[in-house]
Amino acid sequence: MCAKRSLGQHFLVSPRVADEIVAACRALAPGASALLEIGPGHGALTEGLLALGLPLALVEKDDALAAELGRRFPGVRVANADARALDLASLGTESEPGRWLVAGNLPYNAGTEIVRGFLGMAHRCVGLVFMLQLEVARKLTASPREEGYGALAVPARAWWLPELLFPVPPGAFRPPPKVTSAVIRLRPLPTPLLEPGEFLSFSGFVRDCFAAPRKTLASNLARAAGGRAEAAALLERLDFPPAARPAETPPEAYVALFRALTGR
């Protein structure tokens, strides 16, 4: 079956890479009660994931592939749905609260949006193992002052421990993409920096902080704080460096600033 350009499909065909992804999931499986695979395609990962012994659900947007998977894996729940608007409760697979293990080879054109949706579900998951474009993987796993650190990495690190596990070359896929991919793993922080319900508001706040990455935090926060002078005074009160810039500021500092601005 050919890939649909509109869905950004590049099917994994490397058994070695599939085995390494399954191994990354195996490390998290003892704490999980159910497993969700996103974008299974032709099932390159599915058999290995089934061997982990957890109830498995598949979410595949391509209707023809979803039907193919249903025939190939008759005992598995297959949802023909868009993972960007996924309700875990709709999958019909029993899982105790906070014990989902989620994995998948995500489509390039929707990967960032899919990951962002799951970043707000740390209280419902034991971990995430995703394959993404390398550039996106770096943005999710970067630390302060590293290339890629920004409005995706900060919310990720407020709830998760992100790791970039290994790169995946274009030749591992059919058709081969024009970019390198990478596998990441995220485990929930033992003590999250914020409550689950604060994810959307905190993410929006962080995007504002990185609106002009080369400018200072005081400049980026001028509107939210009621003016640049007010923003500078707030940062000084919280012991931020006078010329603090977005890419130099750790997640914990963003959380403190968010709480000061919102009164939480």
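Parameters at a glance
Residues numbered from 1 in each chain as written. Predicted model: local features only at pLDDT ≥ 70, side-chain atom pairs only at ≥ 80, totals over all residues. Heavy atoms only, no water. Helix = DSSP H or I, 4+ residues; strand = E, 2+ residues; numbered from the N terminus. Buried < 20%, exposed > 50% of the residue type's maximum accessible area, 1.4 Å probe, protein only. Contact = heavy atoms within 4.5 Å. Areas by Shrake-Rupley, 256 points an atom, 1.4 Å probe, with all protein chains shown as cover. Lys, Arg positive; Asp, Glu negative; His and termini not counted. Charge placed at Lys NZ, Arg CZ, Asp CG, Glu CD. Core = buried A, V, L, I, M, F, W, Y, C linked by side-chain atoms within 4.5 Å. Axes fitted to C-alpha atoms, helices over the stretch in contact; angles between N-to-C directions. Parallel < 35°, antiparallel > 145°, perpendicular 65-115°, else oblique. Nonpolar A, V, L, I, M, F, W, Y, C, P; charged D, E, K, R; others polar.

Asker: Lay out the overall build of the protein with the relevant residues and their values.
Answerer: Scanning the protein for helices and strands turns up 11 helices and nine strands. Overall, the protein is about 65 × 40 × 30 Å in size when its C-alpha atoms are taken along their principal axes. Relative to its 264 residues, the protein shows a buried fraction of 50%. For the protein, the proportion of contacts with a sequence separation of at least 24, taken over those separated by at least 6, is 68%. As presented, the protein carries roughly 12300 Å² of accessible surface, and 52% of it is formed by carbon and sulfur atoms. Separation of charge centres in the protein, based on 29 positive and 25 negative side chains, amounts to 4 Å.

Asker: So what about the nonpolar core? Which residues, and what values?
Answerer: Formed by 60 residues in total, the largest nonpolar core has its most connected members in Leu36, Phe118, Phe130 and Phe202. When residues no more than four places from it in sequence are discounted, the contact partners of Leu36 are Leu56, Ala57, Val59, Leu86, Leu88, Leu91, Trp100, Leu101, Val102, Ala103 and Phe118. Within the second largest apolar cluster, 32 residues are counted, among which are Leu28, Leu58, Leu69 and Val129.

Asker: How would you sum up the packing of helix α7 (residues 199-209) against helix α11 (residues 251-262)? Please name residues and give values.
Answerer: Running from amino to carboxyl end, α7 crosses α11 at an angle of 105°, the nearest separation of the two axes being 11 Å. As judged from the angle between their axes, α7 and α11 are roughly perpendicular. On the side of α7, the interface is formed by Ser201, Phe202, Phe205 and Cys209, while α11 contributes Tyr254, Val255, Leu257, Phe258 and Leu261. Its residues placed into classes, the contact of α7 with α11 shows eight nonpolar, one polar and no charged.

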